[in-house]
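Fold and geometry: a report
Below are the chains, spelled out letter by letter.
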Amino acid sequence: LGQWIGEAEQPGRFEASNGVLDIDSPAGVTLWFRHRLESPVVIEYAVTAVAEGGPNDDASDINCFWMASDSRARASDIREVRRNGAFADYDALRTYYAGIGGNRNTSSRFRRYVGRAGDRPLLPQHDLSAPGDLIEPNREYHIRLEAIGRRIGLLRDGKLMFELDDADPYTAGHFGLRTTKSHLRVRDFQVLRP
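So, here's what we can say about the structure. (Residues numbered from 1 in each chain as written. Predicted model: local features only at pLDDT ≥ 70, side-chain atom pairs only at ≥ 80, totals over all residues. Heavy atoms only, no water.)

The helix and strand inventory of the protein chain stands at zero helices and 13 strands. Moving toward the C terminus, one meets the helices and strands of the protein chain in the order β-β-β-β-β-β-β-β-β-β-β-β-β. The C-alpha atoms of the protein chain give 15 Å as radius of gyration, which agrees with the globular expectation for 194 residues (16 Å, within 12%). Oriented by its inertia axes, the alpha-carbon framework of the protein chain measures out at about 45 × 35 × 35 Å. Taking all 194 residues of the protein chain together, the buried fraction comes to 51%. Within the protein chain, contacts between residues at least 6 apart in sequence are counted, and of these 69% link residues at least 24 apart. Element-wise, carbon and sulfur atoms account for 47% of the exposed surface of the protein chain, whose accessible area totals about 8700 Å². (Helix = DSSP H or I, 4+ residues; strand = E, 2+ residues; numbered from the N terminus. Rg over C-alpha atoms; globule rule 2.2 N^0.38 Å. Buried < 20%, exposed > 50% of the residue type's maximum accessible area, 1.4 Å probe, protein only. Contact = heavy atoms within 4.5 Å. Areas by Shrake-Rupley, 256 points an atom, 1.4 Å probe, with all protein chains shown as cover.)

Okay, here's the thing in C-alpha cells:
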C-alpha cells in the first residue's frame, strides 16, 4: 500500500496482499500510484469487479486516470492538492480518463480532461453502451493504457477499446485507479517503456 495514495468519499477497505490490491469502497475512491510517469509509457494490470455478496460488490465500474496533473497545483503535481474522492472534484485535472461501466453504470467512456470545472469533453466515438463494451462481474480483464507521443489508447484483453491522436498530448503525470461503490481486485500492475 505504500505505493499508493488514497482519496475516498467514505472510509473503505484497501489492502495489498500476495500481489493483489483489494479496493472495497462504499462510495467514490481513487488510489494514485505515487510515482510520476513520463511518456512514452505503458501501464498494464489485471482487474476484476468482484460480486461475492459483499455490501459494495456492485460491479459498477472499472475506471482510471493516466498522465494526470492538477491545474490547481504549482508544479501540476497530483500530490500537491488533496481531493475528496467525489467524481466532480477531479474536473481540475489535466488527464486521460476511462470508465468501463457495468450493472447500474450502462456506458463506457473515454475523456481528455482539460483542467476546468464542469468541462469533461466527450467525443461520440468515445461513448459506448453495447453489452460487449461493458464489464461482467467476477471476470478478470487485462487493461493496457498507452501514452506514446500523440498516441493515447486503452486496450482491454488485447482489443483496442479507445484511442486518441492527441495533437497536444499530456507527456507526464500520475496514474490512478478509480471506482464508485464497488469492490475491485487488481493484480500484475506494471509500468513499462514501450
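Having seen the model, we can carry on.
We now examine the pairing of strand 2 (residues 13-17). Two strands pair when backbone bridges link them, and strand 2 and strand 3 (residues 20-33) are joined in this way by five bridges, in the antiparallel orientation. The residue bridging Ser17 from the neighbouring strand is Val20, located in strand 3. Where strand 2 folds back on strand 3, the antiparallel hairpin that results is connected by two residues, among which Asn18 adopts a positive phi of roughly 55°. (Pairing = 2+ DSSP bridges.)

Take the nonpolar core next. What tends to happen in soluble globular proteins is that the nonpolar side chains get buried as a cluster. In this structure, Tyr45, Trp66, Leu145, Leu154 and Phe175 are the most contacted members of the largest nonpolar core, which totals 37 residues. Elements with a minimum of two residues in this core: strand 3, strand 5 (41-49), strand 6 (61-70), strand 7 (93-101), strand 10 (140-148), strand 11 (151-156), strand 12 (159-165) and strand 13 (172-192). Residues Ile5, Phe65, Leu93 and Tyr113 belong to the second largest nonpolar core, which totals nine residues. (Core = buried A, V, L, I, M, F, W, Y, C linked by side-chain atoms within 4.5 Å.)

The values are spatial; any link to function lies outside them.
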